Each structure stands twice: as C-alpha cells, then as structure tokens.
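Structure assessment
Spelled out from the first residue to the last, the chains are:
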Amino acid sequence: PELIFLDEPFSGLDPINTDVFKGVLSELIGAGKYIVMSSHQMSTVEEYCRDLVILNRGKTVLQGNLRQIKASYGHTNLSVSCGTDILPLAESHGLRLLEKTAGGYEFKIDSDASAQAFLEELVARRIFPERFEIREPSLHEIFIEKVGATD
C-alpha cells in the first residue's frame, strides 16, 4: 500500500525484533511509502518522522516539520560526561542541572557562550570530559514542555 498506519509500532518488541522491524520500516520509507505513526516513544518519532502533530486531550499543541521545530528552540541543552563531579563548577557558570545519570550530566544553558566558558574552565582545571555536546532539546523534552509532566 502507498499509505500505512502504525499504532505504537515498537511497543512490546524485544531489541532483536525492534531492529528487524526498523529495517522493514526503513525499506518502506526508502520506497516512498507514506507512513502515519502514532507513538508515545519520542525517540522513535525523532528517528523516523519528518513532520509531526502532538496532541493533548484531542487538541493540537504542536505541529510542523521536526527539524524546524527543534531548530526554533536553538541550542538550549548541554550534555557532559565526565569522571569528576563538575556540578558546583557548572552552577557557578549559570548552568542549570536538568538531569544527572550514570552517564553524565544534562544542563540547560542560556547560550553557546556560557557553555564555551564552562568548557574553557574545565580544561584550565585539567578536567577533560569524554563528551561535551551543545544541542537542541530532544522531542521528549519539547513534548514535556508542551503537554506537561503530569495531567
């Protein structure tokens, strides 16, 4: 068919079958098929969708081209992986902690310049992060902002 509807296509799949189905989906996209997907897994939406509509209780809260939506937010996030506790130093640079995980830190930044100043101080202190990435917010983060963390 030229038009395919998928409802939560990866729900309940183990990693092996997820990869198999991703291959099928990539083939369909490559063949120029139109796919309408309903999903709560924002990483899946980011991976496969060009245009999107986010609904909250049946009302559209965001729609458009995914790249343009994300670009409109600008670089607002900084991901850092480091073997050293850098939180006090980050906060002294005005970075706001969003999340701390086993893999590192996620900060909200006001500008690329504030992230650059932070990196310069890290290097001056001989702290060399394994990862230092300035990025746009993820679709998951945008969804939370638009729909809210709780009802």
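Keep in mind the model is a prediction, meaning the values are calculated, not measured.

With that settled, the discussion passes to the layout of surface pockets. Considered as a void within the structure, the largest pocket measures approximately 790 Å³ in volume. In terms of lining, the largest pocket is formed by 24 residues, of which the most central are I35, V36, M37, C49 and D51. Secondary structure elements with two or more residues in the lining of the largest pocket: α1 (15-30), β2 (34-38), α2 (42-48), β3 (51-56) and α6 (139-147). Space inside the second largest pocket adds up to approximately 220 Å³.

Attention now moves to the packing of helix α3 (residues 66-73) against α6. Running from amino to carboxyl end, α3 crosses α6 at an angle of 75°, the nearest separation of the two axes being 11 Å. The angle between the axes of α3 and α6 places the two elements in the roughly perpendicular class. For the pair α3 and α6, the contacting residues are L66, I69, K70 and Y73 in the first and L139, I142, E145 and K146 in the second. The residue inventory of the contact of α3 with α6, partitioned by class, reads five nonpolar, no polar and three charged.

The next point concerns a nonpolar patch on the surface. A surface patch of nonpolar side chains, about 460 Å² in accessible area, is lined by L3, F5, Y34 and V36. For the nonpolar patch, the secondary-structure elements that each account for two or more residues are β1 (3-7) and β2. Here L3 lies in strand β1.

Looking now at the sheet that holds strand β5 (residues 77-81). Strands in a sheet are paired, the pairing made by backbone hydrogen bonds, and the direction either parallel or antiparallel. Taken in spatial order, the four strands make up an open sheet running β6-β7-β5-β8, and their pairing is antiparallel. The outermost strands of the open sheet, each flanked by one partner alone, are β6 (96-101) and β8 (131-135). Strand-to-strand twist across the sheet, computed as the mean angle between neighbouring axes with direction ignored, equals 15°.

Within the element layout of this structure, T18 appears in helix α1. Owing to a relative accessible area of 14%, T18 belongs among the buried residues under this scheme. The residues contacting T18, other than those within four sequence positions of it, are F10 and L13.

Nonpolar side chains in soluble globular proteins generally cluster together in the buried interior. By size, the foremost hydrophobic cluster in this structure holds 15 residues, and its most contacted members are L78, V80, I86, L95, F107, F118 and L122. Sorting the residues of this core by element identifies β5, α4 (87-92), β7 (104-108) and α5 (112-124) as the ones contributing at least two each. Leave out the neighbours within four places in its chain, and L95 touches L78, A90, F107, K108, I109, S114 and F118. In terms of nonpolar packing, the next biggest core, distinct from the first, is built from ten residues, M42, I54, L62 and L66 among them.

Turning next to α5. An ideal rise of 1.5 Å per residue puts 18 Å on 13 residues; α5 measures up with 18 Å between its terminal C-alpha atoms. Residues of α5 that are buried: S114, A115, F118 and L122. Each buried residue of α5 lies within a common arc of 100° when the element is viewed along its axis, so the set occupies one face. Facing away from the buried side of α5, by more than 90 degrees, are the exposed residues A113 and A124. Turning to α5, the residues buried within the fold contact β5, α4 and β8. Of the residues one or two after α5, R126 is the one with positive phi, at around 65°.

Rules behind the numbers
Residues numbered from 1 in each chain as written. Predicted model: local features only at pLDDT ≥ 70, side-chain atom pairs only at ≥ 80, totals over all residues. Heavy atoms only, no water. 1 Å grid on protein atoms, 1.4 Å probe; cavity = no way out; pocket = protein on both sides within 12 Å on 5 of 7 lines; lining within 4 Å. Points joined across faces, edges and corners; volume = space filled by probe spheres on them. Helix = DSSP H or I, 4+ residues; strand = E, 2+ residues; numbered from the N terminus. Axes fitted to C-alpha atoms, helices over the stretch in contact; angles between N-to-C directions. Parallel < 35°, antiparallel > 145°, perpendicular 65-115°, else oblique. Contact = heavy atoms within 4.5 Å. Nonpolar A, V, L, I, M, F, W, Y, C, P; charged D, E, K, R; others polar. Patch = residues over 30% accessible without salt bridge, like charges linked within 9 Å, V, L, I, M, F, W, Y side chains within 5 Å. Areas by Shrake-Rupley, 256 points an atom, 1.4 Å probe, with all protein chains shown as cover. Salt bridge = Lys/Arg side-chain N within 4 Å of Asp/Glu carboxyl O. Pairing = 2+ DSSP bridges. Buried < 20%, exposed > 50% of the residue type's maximum accessible area, 1.4 Å probe, protein only. Core = buried A, V, L, I, M, F, W, Y, C linked by side-chain atoms within 4.5 Å. Expected span 1.5 Å × (residues − 1). Arc of directions from axis to C-beta.

This is a description of form; function is not addressed.
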